[in-house]
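# Coordinate analysis (summary)
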Amino acid sequence: MAQYDIVIIGAGPGGYNAAIRAGQLGLKTAIVEMGPTLGGTCLNVGCMPSKALLHASELFEAANKDFAGLGIEVSPKLNLAQMMAQKAESVAALTKGVEYLMKKNKADWVKGRGRITGPGQVEVTAADGTVTKLDTRNIIIATGSEPSGLPGVSVDQQRIVDSTGALSLPVVPKSLIVIGAGIIGLELGSVWRRLGAEVTVVEYLDRITPGMDAELAKTFQRGLTKQGMIFKLGAKVTGAKSGKSGVEVTVEPVAGGPAETLKADYVLLAIGRRPYTEGLGLESVGIVPDKRGFIETDHFRTSAPGIWALGDAIHGPMLAHKAEEDAVACVELIAGKAGHVDYNLVPSVVYTAPEAAWVGKTEEQLKADGIAYKSGKFPFSANSRAKVNHETDGFVKVLADPVTDEILGVHILGPQAGELIGEYCVAMAFKAASEDIARVCHPHPTRSEAGRQAAMGVEGWTMQA
Ligand code: NAI
């Protein structure tokens, strides 16, 4: 008799949501986690602490630059220790919350490093060396991902840091070089720029944020540049040398030409993440990850019967909310239900100021796939709420099918874009036409009206610009 119906390895958003759904469906579940707290990268050293610093640093910058114009005279002084302490407090509350949810849903937290030793067999080695053997009908691999390395740049978490180190720098650097203009680089680069660092972002491509609609990315970059972020595009980092007082970074133009050396107090390496699938005992069940470490799956089923994988360990966007969707669908499939995820409807958000958010296809993807589309666009400079808040940067762009009018993609740049995009995720899940949004009453005065006006623009009847 198996001890468990499901043993989940990894307690990030993929793993802990799988455990909750399994508990709801009456499946006897254990969750194996080697970290001292639950919640994985997202809660401990990812989404949540970065948002705590983004929120606090945004207010600090607003107090410095914008409050006076609103008639509020203040002289803000940074207390970095307190900013870090409130971040740690929030993270602790969140990870405790997950512990509560595991208890509530009757999932046993088995502390230690999990390794698959055969079909239905997981061995857990605790920090003190104690080994627990678990016998289970199903195993879910939810081990997530880790920052990718770069030859010639060795992360010491002192002067050369990855996203984890960049969440806890002991001082505000005078200068920070960010390698990679992806989401992590721009979010954490924004935090330290707002707190006073000169931030230079070195990016291999000739644009920032690959995957983002190119028009959005261009306007986004212009805004970040206006805030003081320096971009070096088409530039490849080939090495970094760390000394007591700072780091020297070697950068080569991708198009060819002489290398140059940049100097900074600190360097943040943020060139992507790779699946964390090493040391899991996959060979014991014949699973061979691909060259990049991803586990191949078909509806979360690996090549080994009874072994499932989800989240960052498998293909698809490496996002917490994608892992959550995977988790629910995977457990429902294990329970004999019809679990399903529509990956076209997984939104992306960059939590900078302004935020950038999108769902569905970009113009570039539609063109590459030969799909015809029409578009409507509305700038926040014409939105009344944005005007009175003095936050007029950005726009909403709605892309729709020229025949059926079905919404194909929505791209937003502006404050609260991450909140606004939810409306379009729901609309697209219901196969809404742009006219459905255009003819729905939206509250006034709100930023959401800009989205409605953009949808009206698809049919050429934008009313307020
Ligand atoms: P990324 O893949 O988004 O961007 C990495 C960038 O580094 C790319 O633009 C790439 O061209 C560049 N690059 C690669 N090698 C380089 C080199 N040698 N020199 C200069 N540039 C180089 O990766 P990032 O930002 O590290 O994020 C990792 C993952 O975490 C992503 O999947 C991201 O979506 C996810 N994430 C999502 C967040 C959110 O949803 N708000 C927040 C943080 C991470």
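Think of each chain on its own: its residues are numbered from 1, step by step along the sequence as written. In keeping with the model being predicted, local features are shown solely for residues with a pLDDT of at least 70 and side-chain atom pairs are shown and tallied solely at 80 or more, while totals for entire chains, interfaces and linings include all residues. Side-chain measures here rest on the full set of heavy atoms in the structure, leaving out hydrogens and waters.

Counting from the N terminus, the helices are the DSSP runs of H or I reaching at least four residues and the strands are the DSSP runs of E reaching at least two. Scanning the protein chain for helices and strands turns up 13 helices and 22 strands. Since a compact globule built from 465 residues should have a radius of gyration of about 23 Å, the 23 Å found for the protein chain is in line with a globular shape. The buried share of the protein chain, reckoned over its 465 residues, is 51%. Residue contacts are counted whenever heavy atoms from the two residues lie within 4.5 Å of one another. When contacts within the protein chain are restricted to residue pairs at least 6 apart in sequence, those whose partners lie at least 24 apart make up 62%. Looking at the protein chain as shown, the accessible area adds up to about 21,200 Å², and 54% of this sits on carbon and sulfur atoms. Under the convention used here, Asp and Glu are negative, Lys and Arg are positive, and both His and the chain ends fall outside the count. To locate a charge, take atom NZ for lysine, CZ for arginine, CG for aspartate or CD for glutamate. Charge separation in the protein chain, taken as the distance between the mean sites of 46 positive and 51 negative side-chain charges, equals 3 Å. The globule rule used for comparison is 2.2 Å times the number of residues to the exponent 0.38, while the radius of gyration itself is calculated over C-alpha atoms. Here the term buried applies to any residue with accessible area under 20% of the maximum for its type, exposed to any over 50%, and partly exposed to those in between, with areas from a 1.4 Å probe on protein chains only. In these tables, accessible area is a Shrake-Rupley quantity obtained with a 1.4 Å probe, and a residue counts as shielded only by the protein chains included in the view.

Note on placement: D213 falls in the loop between β10 (198-202) and α7 (214-226). In contact with D213, other than residues within four places in its own chain, are R207, T362, E363, E364, K397 and H411. Among the polar contacts listed, one links the side chain of D213 to the backbone nitrogen of E215, at a separation of 3.1 Å. Polar contact is defined as a pair of N or O atoms within 3.5 Å, subject to the rule that within protein one atom must be able to donate a hydrogen and the other to accept it, and that residues adjacent in sequence are counted only when both atoms are side-chain atoms.

Before going further, it helps to examine the domain arrangement of the protein chain. For the purposes of this description, domain bounds are those given by an automatic or database domain assignment. What the domain assignment lists for the protein chain is domain 1 (2-147 + 274-344), domain 2 (160-271) and domain 3 (354-458). A C-alpha centroid distance of 31 Å is found between domain 1 and domain 3.

This part is about the nonpolar core. If you look at the biggest cluster of nonpolar residues, it comprises 50 residues, and the most contacted ones within it are M102, L134, I140 and F300. It is helix α8 (residues 320-334) that contributes the most residues to this core, six residues altogether. To qualify as a nonpolar core, a set must consist of buried Ala, Val, Leu, Ile, Met, Phe, Trp, Tyr and Cys residues joined through side-chain atoms within 4.5 Å. The next biggest cluster of nonpolar side chains, apart from the first, holds 38 residues, and it includes F60, L169, L176 and M229.

This next bit is on the sheet that holds strand β12 (residues 235-242). The three strands lie next to each other as β12-β13-β14, forming an open sheet whose pairing is antiparallel. Of all the strands in the sheet, the pair left with one neighbour each is β12 and β14 (260-264). Each strand axis lies, on average, 25° off the axis of its neighbour in the sheet, ignoring direction. Should DSSP find at least two bridges between two strands, the strands are taken to pair. Pairing geometry for strand β13 (residues 247-253) and β14, over five bridges, is antiparallel. Bridge assignment links V247 to a residue of β14, and that residue is A264. An axis is simply a line fitted to the C-alpha atoms; with a helix, the fit covers only the stretch in contact. Between two such axes, the angle follows the N-to-C directions and lies from 0 to 180 degrees.

For this description, a residue counts as near a given molecule or strand if any of its non-hydrogen atoms is within 4 Å of it. Among the 25 residues in the neighbourhood of the ligand, the closest are listed as I184, E187, E203, G272 and V349. A distance of 3.2 Å is found between a nitrogen atom of the ligand and a backbone nitrogen or oxygen belonging to V237. A270 is positioned such that a nitrogen or oxygen atom in its backbone is 3.4 Å from an oxygen atom of the ligand. Protein contacts shield 80% of the accessible area of the ligand, which totals 850 Å² for the unbound molecule.

A pair of cysteine sulfur atoms is labelled a disulfide when the two atoms are within 2.5 Å. For the structure shown, the criterion picks out one disulfide. Each sulfur of the disulfide joining C42 and C47 lies 2.5 Å from the other. Where C42 bonds to C47 through sulfur, the torsion about that S-S bond is close to -135°, and the disulfide is left-handed. On the basis of relative accessible area, C42 is assigned to the buried category, the value being 11%.

Now for unusual backbone geometry. Look at the link from A353 to P354: it is a cis peptide, with omega at -5°. Position of P354 among the secondary structure elements: in the loop between β18 (348-350) and β19 (355-360). The step from H444 to P445 runs through a cis peptide bond, and the omega angle for that step is 0°. Checked against the element boundaries, P445 lands in the loop between α12 (434-438) and α13 (448-458).

Only one rule defines a salt bridge in this text: a Lys or Arg side-chain nitrogen within 4 Å of an Asp or Glu carboxyl oxygen. This model, assessed by the stated rule, comprises 20 salt bridges. Note that K51 and E187 form a salt bridge whose closest N and O atoms lie 2.9 Å from each other. Of this pair, K51 sits in helix α3 (residues 47-65) while E187 sits in helix α6 (residues 183-194), placing them 136 residues apart in sequence. Owing to a relative accessible area of 6%, E187 belongs among the buried residues under this scheme. Residues K322 and D326 are paired through a salt bridge, measuring 2.9 Å at the closest nitrogen-oxygen approach. Of this pair, K322 and D326 both sit in helix α8, four residues apart, which is roughly one turn of that helix. K322 sits in the buried class, given a relative accessible area of 0%. Since its relative accessible area comes to 0%, D326 is described here as buried. One continuous salt-bridge network, built from bridges that share partners, spans D213, E215, E363, K377 and K397.

Time to look at the side chain of E332. Its location among the elements puts E332 in helix α8. On the basis of relative accessible area, E332 is assigned to the buried category, the value being 16%. Those residues in contact with E332 that sit more than four places away from it in its chain are R21, L25, K337 and G339.

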